[in-house]
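Breakdown of the fold
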Amino acid sequence: MSFLSKYLRGWQFRTTHPTLQPGSEVNVFLTEYDPGEEMGVAFVGDTRLYVKNARPEHVEKRVRVAVEEFDSEESVGHGEFVEVVGESSYVG
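Parameters at a glance
Residues numbered from 1 in each chain as written. Predicted model: local features only at pLDDT ≥ 70, side-chain atom pairs only at ≥ 80, totals over all residues. Heavy atoms only, no water. Pairing = 2+ DSSP bridges. Helix = DSSP H or I, 4+ residues; strand = E, 2+ residues; numbered from the N terminus. Axes fitted to C-alpha atoms, helices over the stretch in contact; angles between N-to-C directions. Core = buried A, V, L, I, M, F, W, Y, C linked by side-chain atoms within 4.5 Å. Buried < 20%, exposed > 50% of the residue type's maximum accessible area, 1.4 Å probe, protein only. pLDDT = per-residue confidence, 0-100. Salt bridge = Lys/Arg side-chain N within 4 Å of Asp/Glu carboxyl O. Contact = heavy atoms within 4.5 Å. Polar contact = N/O pair within 3.5 Å; in protein donor to acceptor, adjacent residues only side chain to side chain.

1. Details of the pairing of strand β5 (residues 76-87)
Bridge count for strand β3 (residues 47-52) against β5 is 5 bridges, and the pairing is parallel. Bridge assignment links K52 to a residue of β5, and that residue is E80. One ladder, built from 10 bridges, connects strand β4 (residues 61-71) with β5; its direction is antiparallel. Within the sheet, the bridge partner assigned to F70 lies in β5 and is G77.

2. Some thoughts on the sheet that holds β3
Pairing within the closed barrel is mixed, and its 5 strands lie in the order β1-β2-β3-β5-β4. When strand polarity is set aside, the average angle formed by the axes of neighbouring strands in this sheet is 50°.

3. Regarding the nonpolar core
Ranked by internal contacts, the top residues of the largest apolar core, which has 13 residues, are V26, V28, L49, V51 and V65. Listing elements by their share of this core, those giving two or more residues are β1 (25-34), β3 and β4. By residue number, the principal contributor to this core is β4, which donates 4 residues.

4. Some thoughts on the confidence of the model for the protein
Here the protein averages 87 in pLDDT, while 85% of its residues score no lower than 70. For the protein, helix α1 (residues 3-8) is the element with the lowest average pLDDT, namely 72, and β4 is the one with the highest, namely 96.

5. Considerations on the environment of E73
Take E73: it is sitting in the loop between β4 and β5. Taking C-alpha positions, E73 is 9.7 Å from T19, a pair spaced 54 residues apart along the chain.

6. Things to note about the pattern of salt bridges
The full count for this structure, using the stated rule, is 4 salt bridges. In this structure, K61 and E87 form a salt bridge, with 3.2 Å as the shortest nitrogen-oxygen distance. Taken together, the positions of K61 in strand β4 and E87 in strand β5 put the pair 26 residues apart, joining distant regions of the chain. Judged by relative accessible area, K61 falls into the partly exposed class, the value being 21%. When its relative accessible area of 53% is taken as the criterion, E87 is described as exposed. Via salt bridges that share partners, E25, R64 and E83 belong to a single interconnected network.

7. Remarks on the environment of S24
Relative to the helices and strands, S24 resides in the loop between α1 and β1. Taking the C-alpha atoms as reference points, S24 and G79, 55 residues apart in sequence, are found 9.6 Å from one another. Residues in contact with S24, not counting those within four places in the same chain, are V65, A66 and V67. A distance of 2.5 Å separates the side chain of S24 from the backbone oxygen of Q21, its partner in a polar contact.

This is the structure we're talking about:
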C-alpha cells in the first residue's frame, strides 16, 4: 500500500444532497418561515426540510426536528419541530 493510499484511506466526499431517515431526529438551523404553509424551512446542503409546528421566532435558531418523511429523488423532507437546541452565532 502506497503512502498516498494509506493517507487517503477512509476519506470520502460529502454530498450536497444528504438523505434523512424517517423516524430519526436531526438538529438543523431553521432558515425561513413560510407563513402561507405555516411551517419552517431548513436547508441541509441542497436538501430542503419543511418543519411543521415551527414558529417565526424559531428562524435563525438551531432546532431539533423529528423526520417524518423523505423523498430522496427530490431531496425534500418533512418533519415536526421538537425543540430549540441552540442559537445562531450570527444573531445579535
